[in-house]
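Geometric and topological summary
Chain by chain, the residues:
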Amino acid sequence: VQLQASGGGLVQAGDSLRLSCVASGRTFSRLTVGWFRHTPGKEREFVAALRWNGGSTYYADSVKGRFTISRDNAKTTVYLQMNSLRPEDTAVYYCAADPSIILSSIREARQYEYWGQGTQVTVSS
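Throughout what follows, the structure given in this document is the object of discussion.

Reading the values: rules and limits
- Residues numbered from 1 in each chain as written.
- Predicted model: local features only at pLDDT ≥ 70, side-chain atom pairs only at ≥ 80, totals over all residues.
- Heavy atoms only, no water.
- Buried < 20%, exposed > 50% of the residue type's maximum accessible area, 1.4 Å probe, protein only.
- Helix = DSSP H or I, 4+ residues; strand = E, 2+ residues; numbered from the N terminus.
- Pairing = 2+ DSSP bridges.
- Disulfide = S-S within 2.5 Å.

It is worth spelling out the pairing of strand β9 (residues 91–98) at this point. For β9, the buried fraction is high: seven of the eight residues fall into the buried class. Two elements, strand β4 (residues 32–38) and β9, share seven bridges in a ladder whose sense is antiparallel. Residue R37 lies in a different strand from β9, and its bridge partner there is Y93. Sheet topology note: the β9/strand β11 (residues 119–124) ladder contains three bridges and is antiparallel. Each residue of the ladder has a partner; that of Y93, found in β11, is T119.

The next thing to look at is the state of the cysteines. Taken as a whole and assessed by the stated rule, the structure comprises one disulfide. Two residues share a disulfide in this structure: C21 and C95, whose sulfurs sit 2.2 Å from each other. Between C21 and C95 the disulfide shows an S-S torsion of about 70°. By sign, it is right-handed. Of this pair, C21 sits in strand β3 (residues 17–24) while C95 sits in strand β9, and the two are 74 residues apart along the sequence.

And the structure:
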């Protein structure tokens, strides 16, 4: 699986951004796609995940109600709509995918086999 993330940028607090993760290379019906973020000195943090088959979604508490993960089957793309952005959302955002993650591990970065390159999101106060 190849993943290509895009959509980051510099915004002000309260603004919105939409990140995209285009997946290619295999069938997607069994994939779980996740978004993680990383800031220097911290571990990679779970943001959101989506089960391609069925569309179930999962969120970190810190983004629940502000971020929405969704998919476009035709474009094999997963989006992360980020609203009401805060300075603490500043990070490099990565999309990841795996065909065999169990639910209890869906928030663990080390369980994902495939990773895209990061896209920088900077939120100014």
